Structures are given as structure tokens and as C-alpha cells.
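For reference, the chains in residue letters:
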Amino acid sequence: MTRIKRGYIARKRRKKIRLFTSSFRGAHSRLTRTITQQKIKALVSAHRDRDRKKRDFRGLWISRINAVIRENPKVYCIYSNLIYNIYTRQLLLNRKIVAQIAILKENCLFMIANHIIKTKNPRRRYFGKV
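This text gives an overview of the structure that appears in the document. Please read all numbers here as calculations on a predicted model, not as lab measurements.

This part takes up the overall build of the chain. Looking only at helices and strands, the chain has 5 helices and 0 strands in total. By the burial criterion, 20% of the 130 residues in the chain qualify as buried. At a minimum sequence separation of 6, the contacts of the chain that also span at least 24 residues come to 42%.

Here we come to the pattern of salt bridges. Under the counting rule described, the total for this entry stands at 1 salt bridge. Close ionic contact of D49 with R48 constitutes a salt bridge, the shortest N to O distance being 3.3 Å. You can call R48 partly exposed: its relative accessible area is 47%.

Let us now look at the packing of aromatic side chains. Scanning all chains against the criterion turns up 1 aromatic pair. Each ring, one from F57 and one from W61, has its centre 6.1 Å from the other, and the planes form 35°; the classification is tilted. In this pair, F57 and W61 both sit in helix α2 (residues 32-71), 4 residues apart, roughly one turn of the helix. Taking NZ or CZ as reference, K39 lies 5.4 Å from the ring centre of F20, over its face.

On to the nonpolar core. In this structure, I65, V68, I69, L82, I86, V98 and L109 are the most contacted members of the largest nonpolar core, which totals 15 residues. For V98, the residues in contact, after removing those within four places along its chain, are I65, L82, I86, L93 and L109.

What follows concerns the environment of L82. Relative to the assigned elements, L82 resides in helix α3 (residues 79-88). With a relative accessible area of 2%, L82 lands in the buried category. Considering only alpha carbons, one finds L82 and I117, 35 residues apart in sequence, at a separation of 9.5 Å.

Let's shift gears to the packing of helix α1 (residues 9-20) against α2. At a closest axis distance of 10 Å, the pairing of α1 and α2 adopts a crossing angle of 55°. Taken together, the axes of α1 and α2 are oblique relative to one another. Relative to α2, α1 is oriented so that their crossing is left-handed. Where α1 abuts α2, its residues R14, I17, R18 and F20 lie against T32, I35, T36, K39, A42 and L43. Here the residues of the contact of α1 with α2 sort into 5 nonpolar, 2 polar and 3 charged.

The rules we used
Residues numbered from 1 in each chain as written. Predicted model: local features only at pLDDT ≥ 70, side-chain atom pairs only at ≥ 80, totals over all residues. Heavy atoms only, no water. Helix = DSSP H or I, 4+ residues; strand = E, 2+ residues; numbered from the N terminus. Buried < 20%, exposed > 50% of the residue type's maximum accessible area, 1.4 Å probe, protein only. Contact = heavy atoms within 4.5 Å. Salt bridge = Lys/Arg side-chain N within 4 Å of Asp/Glu carboxyl O. Phe/Tyr/Trp six-rings, centres within 6.5 Å; stacked < 30°, edge-to-face > 60°. Lys NZ or Arg CZ within 6 Å of the ring centre and 35° of its normal. Core = buried A, V, L, I, M, F, W, Y, C linked by side-chain atoms within 4.5 Å. Axes fitted to C-alpha atoms, helices over the stretch in contact; angles between N-to-C directions. Parallel < 35°, antiparallel > 145°, perpendicular 65-115°, else oblique. Left-handed = near helix turned anticlockwise from the far one by under 90°. Nonpolar A, V, L, I, M, F, W, Y, C, P; charged D, E, K, R; others polar.

Dropping the structure here:
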């Protein structure tokens, strides 16, 4: 039988993986088996940390709002009351926006809080589960 030389397909696949891991250190960017393992590990970490980043930012916004609210106890003393009242009045303010208002313009946050306090509590209507 004649000698069969391997085609370029396998080399092309390895080259593509090697380009992905070219910035890794040591054997993680040189050895083919290690490269494939590190690529899988990197993609898993990236997928996991995208969700973690959302979680971390939400915690940051909550702590910022809480810190500003506790500085001025005249309006609200705790964060949960403010968020609950924003929710029941159906204001279109999420935690990110409220945190930005709290950091940049504290007076505006306290104006919103005072307005919420002055308005009468609407009736609670439940449509399905809460």
C-alpha cells in the first residue's frame, strides 16, 4: 500500500484552538491536550462569571442605596422599606437607577422618598401569585 499523508483538517483544528489559547502561560499554550483542556475551562469560567457579575453588581447597588439612606434617618431608616414602596407604587425605577441617583444626587433620592411617603398607599390588588 502506498503511504497516506495526513491532511490539513486536524492541523487546522489544532491551529484554531492554539489561537484561542495563545495568551496562556507555559504548557497551556503549547501542548495540544493541555490547550483543549484549558480552552474548555476558560469557556466554562466565562459562562459562570457572566451570571456572577450580574449578582455582584446587584449587591453593589443595594449597598450603595442602603448607605445613602442610612445617612439621613429622617426619610427612611432601611433600604427594604424604600424598595417596597417603590414597587407598590409601580414606579419605573430599578436598583441600578436608584443607586445612580443616590450616588450622584442624594437630594433627588430624598425628594422621591418624600413624595412616596406623602402619597397615599394604593389598595393592594393581587392578580395570581405574589
